[in-house]
Amino acid sequence: MIEHIRIDSRSQNEFIELTQDLNRLVAECGVREGVCFVTVPHTTAGITVNENDDPTVRADMDATLSRIVPYLADYQHAEGNSAAHIKASLVGSSVTLLIRDGQLLLGRWQGVFFCEFDGPRLRDVYVRIVGL
Amino acid sequence: MIEHIRIDSRSQNEFIELTQDLNRLVAECGVREGVCFVTVPHTTAGITVNENDDPTVRADMDATLSRIVPYLADYQHAEGNSAAHIKASLVGSSVTLLIRDGQLLLGRWQGVFFCEFDGPRLRDVYVRIVGL
Amino acid sequence: MIEHIRIDSRSQNEFIELTQDLNRLVAECGVREGVCFVTVPHTTAGITVNENDDPTVRADMDATLSRIVPYLADYQHAEGNSAAHIKASLVGSSVTLLIRDGQLLLGRWQGVFFCEFDGPRLRDVYVRIVGL
């Protein structure tokens, strides 16, 4: 079954942690060993795994991505969000996570983040959990 | 079973949409609920999910990737395609897509694109569809 | 079952090939057709697929990533490894590989690389092999 997480982003660029939501879905479905696929159905948002302890890591990632791919540049796309599309492909629109002992197998400092690049907006994340 | 899509790229840098081919493969194998893994066996090409409506999105992505990773720079690799190798790792060489109700679960504006970075060439894409 | 590869990186930035280790794990578990999920439980390291023939490809990738995301910049994160965190999200922390005929389905020039961005360190890689 495919689960659904609704996200209400508040800024143009924002990293929103999904780790707890995902672990709750894993617990609810009762899978002890398996794989968790998380996908974003948007083209101006992405998903990534990175540090969830010190928020300055996300601040630096946000600032650096916006330096590499500036909001304003010589873009052809007329909607003003070309940078968001490009960031989405750099970061990627899905992650694959392992499930062990009934929870996501993540490192001590890892969290899963929805990456808003063209907010604020209502967004969706799809999750498929497969037991093995 | 692993399916195979043959691609005949026409430019050095080109985004070639695979969404219809992939949905045809999903339909042919009869999987209603599952996961679709798509991989590229090349080191100078990638695969990504992004907007398939306005082609200027791909034009901006192409131009921006080539600005970030220029074709000519102080590269050691003597084959002249270092930029293509680096772009391949930035974009990634595989995507994982969810299947729901017998088709790929993509957002309204999402398409799946083979990313040629060192064409024109004959290229391959491998697809494994897993029913659940 | 989840397998485990231990890595002993020797440099700050280093690409360490895992292809042989992964193919050994595939052979040991006896899976002929399937999927292999490889994840990194770290936030300053990644994993990618790229050329394993000419080492200058990795040298160019290393130099280019460090040009795009410099070690020293106006970062907020006080631990001195913001660049490593950002590179990790650009390259990604997992790869999905297909298994065909009892081995990884990779292209002729493809290898799987652990990407150390904040070494030297002891590191871990997790591998889940799923037969179909």
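Refer to the preceding data block for the structure.
Rules behind the numbers
Residues numbered from 1 in each chain as written. Chains lettered and ligands numbered in written order. Predicted model: local features only at pLDDT ≥ 70, side-chain atom pairs only at ≥ 80, totals over all residues. Heavy atoms only, no water. Helix = DSSP H or I, 4+ residues; strand = E, 2+ residues; numbered from the N terminus. Buried < 20%, exposed > 50% of the residue type's maximum accessible area, 1.4 Å probe, protein only. Contact = heavy atoms within 4.5 Å. Areas by Shrake-Rupley, 256 points an atom, 1.4 Å probe, with all protein chains shown as cover. Lys, Arg positive; Asp, Glu negative; His and termini not counted. Charge placed at Lys NZ, Arg CZ, Asp CG, Glu CD. Pairing = 2+ DSSP bridges. Least-squares fit on C-alpha atoms with pLDDT ≥ 70 in both. Buried area = accessible area lost by both parts, 1.4 Å probe. Salt bridge = Lys/Arg side-chain N within 4 Å of Asp/Glu carboxyl O. Polar contact = N/O pair within 3.5 Å; in protein donor to acceptor, adjacent residues only side chain to side chain. Core = buried A, V, L, I, M, F, W, Y, C linked by side-chain atoms within 4.5 Å.

1. Comments concerning the overall build of chain A
Next, step 1: Within chain A, the regular secondary structure consists of three helices and eight strands.
Next, step 2: Each helix and strand of chain A, ordered N terminal to C terminal, gives the series β-β-α-β-β-α-α-β-β-β-β.
Next, step 3: Principal-axis analysis of the C-alpha atoms places the extent of chain A at approximately 50 × 30 × 20 Å.
Next, step 4: Taken over 132 residues, chain A has a buried fraction of 64%.
Next, step 5: When contacts within chain A are restricted to residue pairs at least 6 apart in sequence, those whose partners lie at least 24 apart make up 83%.
Next, step 6: Accessible surface, chain A: about 5,300 Å² in total, of which carbon and sulfur atoms supply 45%.
Next, step 7: Between the centroid of the 12 positive side chains of chain A and the centroid of its 18 negative side chains there is a distance of 3 Å.

2. As for the sheet that holds strand E3 (residues 34-39) of chain C
Residues and elements named next belong to chain C.
Next, step 1: Pairing in this open sheet of five strands is antiparallel, and the strands run E1-E8-E3-E5-E6 from one edge to the other. Either end of the sheet is taken by a strand with one partner, and the two such strands are strand E1 (2-8) and strand E6 (103-104).
Next, step 2: The sheet contact formed by E3 and strand E5 (residues 94-100) spans six bridges and is antiparallel. Each bridged residue has a counterpart across the sheet, and for Val-35 the counterpart in E5 is Leu-98.

3. Focus: the relation of the copies chain A and chain B
Next, step 1: Of the transformation placing chain A onto chain B, the axial shift is 0.0 Å and the rotation is 120°, giving an RMSD of 0.0 Å. As the rotation angle and translation indicate, the two copies are arranged about a three-fold axis. Minimal C-alpha distance to the rotation axis in chain A is attained by Leu-90 of chain A, lying at 3.4 Å.
Next, step 2: Residue by residue, only 16% of the interface of chain A is reproduced at the interface of chain B, so the copies engage with different surfaces.

4. Observations concerning the interface of chain A and chain B
Next, step 1: Between chain A and chain B, the contact holds 25 residues from the first and 30 residues from the second.
Next, step 2: Carbon and sulfur atoms make up 59% of the surface buried where chain A meets chain B, a total of about 2,200 Å² over both sides.
Next, step 3: Three residues, Thr-43, Ser-89 and Arg-128 of chain A, lead the burial of chain A against chain B; their summed loss comes to 25% of the area buried on that side.
Next, step 4: Where chain A meets chain B, there are one salt bridge.
Next, step 5: One salt bridge in this structure joins Arg-128 of chain A and Glu-33 of chain B, with 2.9 Å as the shortest N-O distance.
Next, step 6: In this structure, the connection of chain A to chain B is made through 15 residue pairs in polar contact (both at pLDDT 80 or more).
Next, step 7: Secondary structure elements with two or more residues in the side of chain A that touches chain B: strand E3 (34-39), helix H3 (82-91), strand E5 (94-100) and strand E8 (122-131) of chain A.

5. Thoughts on unusual backbone geometry
Residues and elements named next belong to chain A.
Next, step 1: Look at the link from Gly-119 to Pro-120: it is a cis peptide, with omega at -5°.
Next, step 2: Within the element layout of this structure, Pro-120 appears in the loop between strand E7 (110-116) and E8.
Next, step 3: Backbone geometry at Asp-101 places phi at a positive 55°, although glycine is not the residue there.
Next, step 4: The residue Asp-101 is located in the loop between E5 and strand E6 (103-104) in this model.

6. Here we look at the nonpolar core
Next, step 1: Grouped together as the largest cluster of nonpolar side chains are 45 residues, with contacts concentrated most on Val-69 of chain A, Val-69 of chain B together with Val-69 of chain C.
Next, step 2: Setting aside its immediate chain neighbours within four residues, Val-69 of chain C contacts Thr-64, Arg-67 and Ile-68 of chain A together with Tyr-75, Ala-83, Ile-86, Lys-87 and Leu-90 of chain C.
Next, step 3: Among the nonpolar cores identified, the runner-up in size contains 24 residues, and Ile-7, Cys-36, Val-95 and Val-112 of chain A belong to it.

7. Structural notes on the relation of the copies chain C and chain A
Next, step 1: Mapping chain C onto chain A calls for a screw motion: a turn of 120° about the axis and a shift of 0.0 Å along it, with 0.0 Å RMSD after fitting.
Next, step 2: Of the interface residues in chain C, just 16% have counterparts in chain A that sit at the interface too, so the contact is made through distinct surfaces.

8. As for the interface of chain C and chain A
Next, step 1: Facing 25 residues of chain C, the contacting portion of chain A comprises 30 residues.
Next, step 2: Taken together, both faces of the contact between chain C and chain A bury some 2,200 Å²; the carbon and sulfur share is 59%.
Next, step 3: Broken down residue by residue, the surface that chain C buries against chain A is led by Thr-43, Ser-89 and Arg-128 of chain C, which jointly contribute 24%.
Next, step 4: For the pair chain C and chain A, the interface holds one salt bridge.
Next, step 5: Between the two partners, chain C and chain A, sit 15 residue pairs in polar contact (both at pLDDT 80 or more).
Next, step 6: Considering every element that reaches the side of chain C that touches chain A, the biggest residue donor is helix H3 (residues 82-91) of chain C, with six residues.

Everything listed is a geometric property; what it means functionally is a separate question.
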